Amino acid sequence: MEDINLTIERDKESIDLNYLDISLTGPVYRNLSIERLVEEGVLNKETKIAMNGAAMVDTGIYTGRSPKDKYFVEENTSKDNLWWGEVNQKIDSEVFDKLFSKVREYYNADTNKTYIFDGFGGADKEHQLPIRIIAKKAWQAHFSNNMFIRPSKNDLMNFDPEFTIINASDISNEDYSEYGMNSETFIIFNLEKKIAIIGGTEYGGEMKKGIFSVLHYLLPLKNILSMHCSANVDMNNKNACLFFGLSGTGKTTLSTDPNRMLIGDDEHGWSDNGIFNFEGGCYAKVIRLNKDDEPDIYNAIKFG
């Protein structure tokens, strides 16, 4: 155990979060390796290791996203471009400020470890979005490391995030009725401040779909089509095929064809440069997973 602690000490980072008014007092770990993230999850008693070496996490009462708890701040820079309704629910900036203040207080007071993932949404370098995910759980950083485009060492030298998600899944909003909200859970996006805050749910998909929502807003303004689809090409990198469908309808299964090359399994952009994946990982459902029918996904479920 002493050797593990020595390893952790060398990975401490000093990172400036003044733009968020967050001043962390505990250890900060930025862009750890997959192996270290798994190790941290086990040390923190967040993660269990399956017989095949895969990391397993219990996300509590939320085993999926909570769309009725997702909001966008109504503010001048974006309000005329959003399609308001059941999907894009309005919330007042004052409510966001109160909950953001609560999130900041939580981070500033907590002396436990903080995990940061800096990376990108979008594989097309001309259009990718530099993102930062801040979390208190190692597995949430592990999830981000798997889902988003990983940076090179050079990318991290002077990294400047253009959107930040602060995950405070341990805190909740007791005043939700007063604020006219659905529950104690909140996922709120402020496109003007380029910040999203999450509370009351541990489900990792809120971070993944959150960045998709941001790209879904930004890219069409640049005449780039953002799509909820999987995509692959033939072995000559030609004849792209897109598979559209709601979650759970087979996009991932259809796109992981052993006779074609995978671009991505869930979210893509279509620019003048071609089809590009928003993500760096795969988001496969593994219920009733069969080795013969889906060998690529089956064989990917292992350590690392």
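The residue numbering used here restarts from 1 in each chain and proceeds along that chain's sequence as written. Only residues with pLDDT of 70 or above have their local features reported here, since the model is predicted, and side-chain atom pairs are shown and tallied only from 80 upward, although totals for entire chains, interfaces and linings are computed over all residues. To obtain the side-chain values, all non-hydrogen atoms of the structure were used and water was disregarded.

1. Quick word on the packing of helix α2 (residues 34–43) against helix α4 (residues 138–147)
So, point 1. Where α2 meets α4, the closest approach of the two axes is 8 Å, and the angle between their N-to-C directions is 155°. When the interaxial angle is binned, α2 and α4 end up roughly antiparallel. Of the two elements, α2 crosses α4, and the hand of that crossing is left-handed. From α2, Ile34, Leu37, Val38, Glu40 and Gly41 reach across to α4, where they touch Ala138, Ala141, His142 and Asn145. As a rule, the C-alpha atoms of each element are fitted with a line to give its axis, helices using only the stretch in contact, and angles between N-to-C directions run from 0 to 180 degrees. Here a helix means four or more residues in a row that DSSP labels H or I, a strand means two or more in a row labelled E, and each is numbered from the N terminus. Any angle from 65 to 115 degrees is called roughly perpendicular, while one under 35 is roughly parallel, one over 145 is roughly antiparallel, and all others are oblique. Each crossing gets its hand from how the near helix is turned against the far one by less than a right angle, where anticlockwise is left-handed and clockwise is right-handed. Contact definition: two residues touch when any of their heavy atoms are within 4.5 Å.

2. Things to note about the sheet that holds strand β7 (residues 129–135)
So, point 1. Here, any two strands with at least 2 DSSP bridges between them count as paired. With respect to topology, 8 strands assemble into an open sheet ordered β1-β6-β7-β8-β10-β9-β4-β5, the strand pairing being mixed. The sheet terminates laterally at β1 (28–30) and β5 (89–91), the two strands that pair on one side only. Mean inter-strand twist for the sheet, computed between neighbouring axes without regard to direction, equals 25°.
So, point 2. When strand β6 (residues 114–121) meets β7, the two strands line up antiparallel, connected through 7 bridges. In the sheet register, Ile116 faces β7, and the bridge partner there is Ile134.
So, point 3. Contacting β4 (70–73), β5, β6, β7, β8 (163–168), β9 (186–190) and β10 (195–199), helix α3 (residues 93–109) crosses the sheet at an angle of about 65° to β8.
So, point 4. Along the sheet, α4 contacts β6, β7 and β8; its crossing angle with β6, the most-contacted strand, is approximately 15°.

3. Describing the pattern of salt bridges
So, point 1. The salt bridge criterion pairs a side-chain nitrogen of Lys or Arg with a carboxyl oxygen of Asp or Glu, the two atoms within 4 Å. Per the stated rule, a full pass over the model turns up 16 salt bridges.
So, point 2. One salt bridge connects Lys193 with Asp97, and the closest N-O pair in it is separated by 3.1 Å. Taken together, the positions of Lys193 in the loop between β9 and β10 and Asp97 in helix α3 put the pair 96 residues apart, joining distant regions of the chain.
So, point 3. We call a residue buried when its accessible area falls under 20% of the maximum for its residue type, exposed when it is over 50%, and partly exposed in between, using a 1.4 Å probe and counting protein chains only. A relative accessible area of 40% places Lys193 in the partly exposed class.

4. Things to note about the pairing of β6
So, point 1. With respect to burial, β6 is a largely interior element, 8 of its 8 residues being buried.
So, point 2. Relative to β6, β1 is paired through 3 bridges, and the arrangement is parallel. Among the inter-strand pairings, Tyr29 is bridged to a residue of β6, identified as Tyr115.

5. Some details on helix α6 (residues 205–218)
For an α-helix, the turn length of 3.6 residues means that residues three or four places apart are oriented alike.
So, point 1. The length a helix should cover is 1.5 Å for every residue beyond the first. Its 14 residues place the ends of α6 20 Å apart at the C-alpha level, agreeing with the 20 Å of an ideal helix rising 1.5 Å per residue.
So, point 2. Extensive coverage of α6 is indicated by the burial of 12 of its 14 residues.

6. Comments concerning the packing of α4 against α6
So, point 1. At their nearest, the axes of α4 and α6 sit 9 Å apart, and the two run at 40° to each other. Between α4 and α6, the angle is such that the two are oblique. Considering how the two elements wind past one another, α4 and α6 form a crossing that is right-handed. Mapping the contact onto sequence places Gln140, Phe143, Ser144 and Met147 in α4 and Gly205, Met207 and Lys208 in α6.
So, point 2. Under the grouping applied here, Gly and all other residues not named as nonpolar or charged are polar, the nonpolar ones being Ala, Val, Leu, Ile, Met, Phe, Trp, Tyr, Cys and Pro and the charged ones Asp, Glu, Lys and Arg. A per-class count over the contact of α4 with α6 returns 3 nonpolar, 3 polar and 1 charged.

7. Considerations on the nonpolar core
So, point 1. Put simply, buried Ala, Val, Leu, Ile, Met, Phe, Trp, Tyr and Cys residues joined by side-chain atoms within 4.5 Å make one nonpolar core. Counting residues in hydrophobic clusters, the biggest one holds 28 residues, and the most contacted among them are Phe148, Phe163, Ile165, Phe189, Leu191 and Ile211.
So, point 2. Among the elements that take part in this core, α6 stands out by supplying 6 residues, more than any other.
So, point 3. Look past the residues within four positions of Leu191 in its chain and what remains in contact with it is Phe72, Glu75, Ser78, Leu82, Phe163, Val214 and Tyr217.

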